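Survey of secondary and tertiary structure
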Amino acid sequence: MARDNFISDHLVDMRAQLRDSYENFHQNRDDKDDPGAANPAADAAPDKYLPTIRKNAETRDCDRERRDLEGRIIHDQAALDSERDILKNRLAELEKFSAVLESSRARLEDGDLNKLRLDYFSARGRWSAFDQRPVAAVGTGAASGEGRGTLWVAGAIIAGSLVIALVMIGLFS
């Protein structure tokens, strides 16, 4: 294939122009920058602008910190509003559950037991969706971690029973 297929003539010309510009730039810079001549204006320029640069940097840092703090405050305010809404919903559900408990207790003596149970468990289910306490099985002590010791003991008893059963099968077979 010919070279024209990969690189057009325009790119080759541009590369040559860039090379010439680069060489001209360095020649002009070398001519202007005579190391023997001192340029007091060039030496004074950084000192003149240094306080402004420092002030701008401090202002940028202060603005960055202000935006960061503002973002944190907005985030916490949104979280607080959300938590407040959740607590309002939870309080409303607790009041409903309390009303159901009071009416259930009043209807306990003279009401239909099946309908009363249905009302109670329905209200209990709605309330449990908002209940934030850890749920533990009755009598296991799983919420406080007390059930772990009894679980280990039960496992040891089952393993011992299996060993005894295997020994008995081995003796009587």
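Structure first, text after, so check above.
Below: a short report on this structure.

**Digging into the pattern of salt bridges**
Taken as a whole, this structure holds 7 salt bridges when the rule is applied. Residues R126 and E93 are paired through a salt bridge, measuring 3.4 Å at the closest nitrogen-oxygen approach. Within this pair, whereas R126 is found in helix α3 (residues 113-130), its partner E93 is found in helix α2 (residues 40-107), the two being separated by 33 residues in sequence. Judged by its relative accessible area of 40%, R126 falls in the partly exposed class. Among the salt bridges present, the one from D119 reaches K115, with a minimum N-O distance of 3.4 Å. Highlighted residues: D119 and K115, both in helix α3, separated by 4 residues, approximately one helical turn. Residue classification places K115 among the partly exposed residues on the basis of a relative accessible area of 45%.

**Looking at the environment of D61**
Inspection of the secondary structure puts D61 in helix α2. Within the local environment of D61, its side chain forms a polar contact with the side chain of R64, the two groups lying 3.0 Å apart.

The rules behind the values
- Residues numbered from 1 in each chain as written.
- Predicted model: local features only at pLDDT ≥ 70, side-chain atom pairs only at ≥ 80, totals over all residues.
- Heavy atoms only, no water.
- Salt bridge = Lys/Arg side-chain N within 4 Å of Asp/Glu carboxyl O.
- Helix = DSSP H or I, 4+ residues; strand = E, 2+ residues; numbered from the N terminus.
- Buried < 20%, exposed > 50% of the residue type's maximum accessible area, 1.4 Å probe, protein only.
- Polar contact = N/O pair within 3.5 Å; in protein donor to acceptor, adjacent residues only side chain to side chain.

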